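Chains, contacts and geometry: an overview
Here is what each chain is made of, one letter per residue.
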Amino acid sequence: MELKLSCGCGQNYKFDIEPRDGRMPFTVACPICGIDGTTAADQLLAAQFSAAPIPAPPPVAVRIRRAAPAEPVAAAPAPLPAESAPVVPAVAPKSYYAKLPEAFAYPFKGSGVMILIIATICYSAVHFVSAGLFGLIMRTFLYGFVFLFMQNIILTTTTNEKEPLSFPDASGLVGAASQLGGTILMSFWPAIALEIAKLSDVNIPSEAIIAAVILGGIYFPMALLVVAMKDTVVAANPLIVIPAMAKAPMKYSVTAALTLVVFGVRQLGNILSGTAGTVTFRTHDMNVFFMAIAYQAIWALLSVYLLTVMMRILGLFYNSTKKQLGWFSW
């Protein structure tokens, strides 16, 4: 017989089996995320076997003998009516919009604060890596870790929304860095091309570059989501991203708007942080020096926090629209 299962990550899969005593004769797992599906398959088999009709027994001839009239028996007293249990109304699941405020508290659940601090150190290390070949290698590893950190939040949310923040498996850092770089390039290549043209003395209005950056900011969240879910940068192409944006326009508009706000706040903070970094290297006043260092550390922590919140929102967005998106089907 054929069984079809649906995993929490959105992947559907099927297989043929011969049940043994109404149970699975072997274990099965999701081909995408690897979550064990044997228990779910056993439950599906139990439901199917319990629903099977039971054949009626063959008729049996019975000889009836007239009995003597029985003595009248006093009727038993009627049982008292049992007290009915209170009816608990079913709680409707929260909508995508109702879950958005919870995303801002997500980084503080479980060991989230400690993870944020460690991730902040890795994030800040990017700005202190030296130039040259060694610097390029270290930056590649650090950007790869950043992508794995973001992907892990998205996949954790789409698998189990109650699971707290955790560290990713830090393997394949070079491939992860290429996925992040490819996603950024697919999203912001018009702005990058205009900026290069302007540096080449082509008369490009600043408004055109700003508009291209905004369009890239609208495109980037969906591109990052599909790359994280399918684990390939090829998925960031417009043939997948643009139709996905059109399938849930209202929800994605809110998601993209929040992304642009976070992006704008981070850019402003990066400018101020850069100013503080300049002060750090030029000042001879120790009080100013430590204040500038403290500001840079606080801003790096805030940047990681905002990044975590945005990845959580992307995961919640996918959970509420995965049927419309249809990225994983039979």
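This report concerns the structure included in the present document. Everything quoted here is computed from the prediction, not taken from an experiment.

1. Details of the overall build of the chain
A count of helices and strands for the chain gives 9 helices and 2 strands. Of the regular secondary structure in the chain, the N- to C-terminal order runs β-β-α-α-α-α-α-α-α-α-α. Scored against the burial criterion, the 330 residues of the chain give a buried share of 36%. Carbon and sulfur atoms make up 68% of the accessible area of the chain, which totals about 20500 Å².

2. Thoughts on the side chain of glutamine 179
With respect to the helices and strands, glutamine 179 occurs in helix α5 (residues 173–199). Not counting residues up to four positions away in its chain, the partners in contact with glutamine 179 are Phe147, Val227, Asp231, Thr232 and Val233.

3. Concerning the pattern of salt bridges
Within the structure shown, the criterion is met by 2 salt bridges. A salt bridge links glutamate 102 to lysine 94, with the nearest nitrogen and oxygen atoms 2.5 Å apart. For glutamate 102, a relative accessible area of 33% puts it in the partly exposed group. A salt bridge links lysine 99 to glutamate 161, with the nearest nitrogen and oxygen atoms 3.0 Å apart. Of this pair, lysine 99 sits in helix α2 (residues 96–103) while glutamate 161 is found in the loop between α4 (132–159) and α5, placing the two residues 62 residues apart along the sequence.

4. Notes on the packing of aromatic side chains
Under the defined criterion, the tally for this structure stands at 8 aromatic pairs. Between the aromatic rings of phenylalanine 145 and phenylalanine 149, the centroid separation amounts to 6.4 Å while the plane-to-plane angle is 20 degrees, which identifies the pairing as stacked. Pair noted here: phenylalanine 145 and phenylalanine 149 are both in helix α4, with a separation of 4 residues, about one helical turn. Since its relative accessible area comes to 4%, phenylalanine 149 is described here as buried. Aromatic side chains phenylalanine 145 and phenylalanine 167 sit 6.1 Å apart centroid to centroid with 45 degrees between the ring planes, which places their arrangement in the tilted category. Placement of the pair is phenylalanine 145 in helix α4 and phenylalanine 167 in the loop between α4 and α5, with a sequence separation of 22 residues. Residue phenylalanine 145 is classed as buried on the basis of its relative accessible area, which comes to 14%. In textbook terms, an aromatic cluster arises when at least three aromatic residues are bridged by ring pairs, as seen for Tyr96, Tyr97, Tyr252 and Phe317. Here lysine 230 stacks its cationic end above the ring of phenylalanine 328, 4.9 Å away from the centre of that ring.

Cut-off values and rules
- Residues numbered from 1 in each chain as written.
- Predicted model: local features only at pLDDT ≥ 70, side-chain atom pairs only at ≥ 80, totals over all residues.
- Heavy atoms only, no water.
- Helix = DSSP H or I, 4+ residues; strand = E, 2+ residues; numbered from the N terminus.
- Buried < 20%, exposed > 50% of the residue type's maximum accessible area, 1.4 Å probe, protein only.
- Areas by Shrake-Rupley, 256 points an atom, 1.4 Å probe, with all protein chains shown as cover.
- Contact = heavy atoms within 4.5 Å.
- Salt bridge = Lys/Arg side-chain N within 4 Å of Asp/Glu carboxyl O.
- Phe/Tyr/Trp six-rings, centres within 6.5 Å; stacked < 30°, edge-to-face > 60°.
- Lys NZ or Arg CZ within 6 Å of the ring centre and 35° of its normal.

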